[in-house]
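Given next are the chains, with one letter for each unit.
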Amino acid sequence: MLQPKWLLFYAPAVLAIGLALWIHFQALDKQLFIELNQLCAKLPEPLWACITICGHTSVAFALLSICLRSKPAWILACFAGAPVAGLVTSMSKAAFPRGRPASELAVDQIHIIGQKLMHNSFPSGHSLTAAAVAAAVIAADWGKPRTPARVAICAVLLIYVVSVALSRVAVGAHWPIDTLVGGTLGWICGMFGARFVRRYPRVIESAHWQTIAAMLTLTSTLFLLNTNTGYPQAQALLFVAVFVGSSSCLWVIASHWPHLRQWPHLLRMQAAKLLG
């Protein structure tokens, strides 16, 4: 049964799916896309490109890794929810094939930034990732005493989700319903990740798990150097994310170096137990 203290947490997801259903039944998706896309075109293209790549999973993890040492629960909750989010995205795109705006609208009806995408529009993966990260971070600390800092973090994360979702319309990659449903699914996936770390608090305190998270984040961050995000206007932010992610992860790994030296011994002990 849903506890009263969690009702407010689910409010953004309920609001998003309610708005998506209203847009669908009012048949406003195409009209709303055109109006939002043209309105956003008044702002600089690099701005929307930078915002939209913040919904790229590796970029989001790289930027969040700066908190791995001080707030390990945040990124560990994101890692716990990532497999669920990836599975939900893949299954949804396969089950609901939908053309992107560029495949249905005339050239003069759409302003495209970056790569021109044509297929697999529903749901928005970037919006799903942004919502999953925000929900995991917020839910990891949900129920703790409300402080101005926590309220400010929640506000910033909600603005982050809305900005990434809007940017997917601004760059011409998704319909509004795609972003709303993607955000709803991501919010639920993030909650799954947060429930895991809340149920197993020793994972948060474990230097071994923090080091594993740092290694995984470092690996995905370095892959960004050879990744084409489709938005060359955001190349500078991509390099910033790589620098922040790699330096933060290396710092965590170095701080846990004494624990790393115990790994071979621990592995031998586990192997001996398995072999009887």
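Scroll up for the structure.
Since this is a predicted model, take the numbers as computed values, not measurements.

(A) Here's a closer look at the environment of Cys67. Structurally, the position occupied by Cys67 is in the loop between helix H4 (57-64) and helix H5 (72-95). With sequence-adjacent residues up to four places away left out, Cys67 is seen in contact with Pro72 and Trp74.

(B) Structural context of the pattern of salt bridges. A full pass over the atoms with the stated rule returns four salt bridges. Linking Lys144 and Asp141 is a salt bridge whose minimum nitrogen-to-oxygen distance equals 3.1 Å. With a relative accessible area of 11%, Asp141 lands in the buried category. By sharing partners, the salt bridges in this structure join Asp29, Arg98 and Asp178 into a single network.

(C) Fine view of the side chain of His174. Structurally, His174 is set in the loop between helix H8 (148-170) and helix H9 (176-199). Note on His174: relative accessible area 1%, which makes it buried. A polar contact is formed between the side chain of His174 and the side chain of Arg100, at a distance of 3.1 Å. Setting aside chain neighbours within four positions, we find His174 in contact with Phe33, Lys93, Arg100, Pro101, Asn120, Ser121, Pro123, Ser124, Gly125, Arg168, Val169 and Thr179.

(D) Seen up close, the nonpolar core. Core analysis: the largest hydrophobic core is formed by 42 residues, its most contacted members being Phe9, Leu64, Cys78, Tyr160 and Trp187. Elements with a contribution of two residues or more to this core: H4, H5, helix H7 (125-140), H8, H9, helix H10 (201-205), helix H11 (207-223) and helix H12 (235-255). Take this core: its biggest share by element is ten residues, from H7. Leave out the neighbours within four places in its chain, and Tyr160 touches Cys54, Gly55, Ala60 and Ala130. Counting 16 residues, the second largest nonpolar core, distinct from the first, contains Ala49, Val171, Ala234 and Leu238.

(E) The arrangement of H8 in detail. With 23 residues, H8 should reach 33 Å at 1.5 Å per residue; the first-to-last C-alpha distance of 32 Å fits that figure. Turning to H8, its buried residues number three or more, namely Leu157, Tyr160, Val161, Val164, Ala165, Ser167, Arg168, Val169 and Ala170. Against helix H2 (29-40), helix H3 (45-53), H4, H7 and H9 lie the buried residues of H8. Where H8 terminates, the next one or two residues include Gly172, which has phi positive at roughly 80 degrees.

Cut-offs applied
- Residues numbered from 1 in each chain as written.
- Predicted model: local features only at pLDDT ≥ 70, side-chain atom pairs only at ≥ 80, totals over all residues.
- Heavy atoms only, no water.
- Helix = DSSP H or I, 4+ residues; strand = E, 2+ residues; numbered from the N terminus.
- Contact = heavy atoms within 4.5 Å.
- Salt bridge = Lys/Arg side-chain N within 4 Å of Asp/Glu carboxyl O.
- Buried < 20%, exposed > 50% of the residue type's maximum accessible area, 1.4 Å probe, protein only.
- Polar contact = N/O pair within 3.5 Å; in protein donor to acceptor, adjacent residues only side chain to side chain.
- Core = buried A, V, L, I, M, F, W, Y, C linked by side-chain atoms within 4.5 Å.
- Expected span 1.5 Å × (residues − 1).

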